[in-house]
Amino acid sequence: CPPPPLRPGRYAVEVSLNDQDYSSDRTPFTVYEDPALSRISPTHGPAKAAGTGVTVFGSGFVNTSLLVCRFGDKTVPGRYVSDAEVWCATPPLDPAALRWLALPDVRQESLDPALGTPRLFEASHPHPLVHSRPVAVEV
């Protein structure tokens, strides 16, 4: 059964078949704060080759064997560094999904805190075009 909304912390879980008599095991259940991603480094890498190391910075990361990073629709294992840092290696991308882009036109959904713009390569010259595919990163 899904838990009710809870604040981060440790809770004892009991079960009942009649909403009156409960088990007495008091099995612990831990609720963690939602992780928040603030930035990644590097912000780009080779599209046709996997394995670029990406450091994800944020807060609320938990050291668990279930830690993963998602690049677009590809999921890869994540390595816990600290509650504010996770490391992941990029997965291979489908070459058919790549398209030709001018670097100044490559954008992300939110403002880059370091640059103050959603454009990743704002100062770049528009030529030559690069064979690329921007992907969302999630932890």
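Conventions adopted
- Within each chain, residue numbers correspond to sequence positions counted from 1 in written order.
- With pLDDT at 70 or above as the cut-off, local features in this predicted model cover only qualifying residues; side-chain atom pairs require 80 or more to be listed or tallied, and sums for whole chains, interfaces and linings still use all residues.
- Based on all heavy atoms of the structure, the side-chain values leave hydrogens and waters out of the count.
- Only a pair of cysteine sulfur atoms within 2.5 Å qualifies as a disulfide here.
- The way it works is that DSSP assigns letters per residue, a run of H or I at least four long becomes a helix, a run of E at least two long becomes a strand, and they are numbered from the N terminus.
- The cut-offs for exposure are 20% and 50% of the maximum accessible area for each residue type, with area from a 1.4 Å probe on protein chains only; residues under the lower value are buried, those over the upper are exposed, and the others partly exposed.
- The criterion used for residue contact is that any of the two residues' heavy atoms lie within 4.5 Å.
- We treat two strands as partners when DSSP finds at least two bridges between them.

Describing the state of the cysteines
- The full count for this structure, using the stated rule, is one disulfide.
- Residue pairing for Cys69: its cysteine sulfur links by disulfide to Cys88, the two sulfurs lying 1.7 Å apart. With the S-S bond torsion at 40 degrees, the cross-link from Cys69 to Cys88 turns out right-handed. Of this pair, Cys69 sits in strand S5 (residues 68-71) while Cys88 is found in strand S7 (residues 85-89), placing the two residues 19 residues apart along the sequence.

Remarks on the environment of Pro8
- With respect to the helices and strands, the residue Pro8 is situated in the segment before strand S1 (9-13).
- Of the residues examined, Pro8 reaches a relative accessible area of 52% and is grouped as exposed.
- In sequence terms Pro8 and Tyr32 are 24 residues apart; their C-alpha atoms lie 4.8 Å from each other.
- In this structure Pro8 touches Val31, Tyr32 and Glu33, once residues within four positions along its chain are discounted.

Points about the pairing of strand S4 (residues 53-59)
- Sheet topology places strand S3 (residues 36-41) next to S4; five bridges connect them, and they run antiparallel. Looking at S4, one finds that Ser41 is bridged to Thr55.

Looking at the environment of Ala49
- Topologically, Ala49 is positioned in the loop between S3 and S4.
- Residues Ala49 and Leu93 lie 44 residues apart in sequence; the distance between their C-alpha atoms is 7.7 Å.

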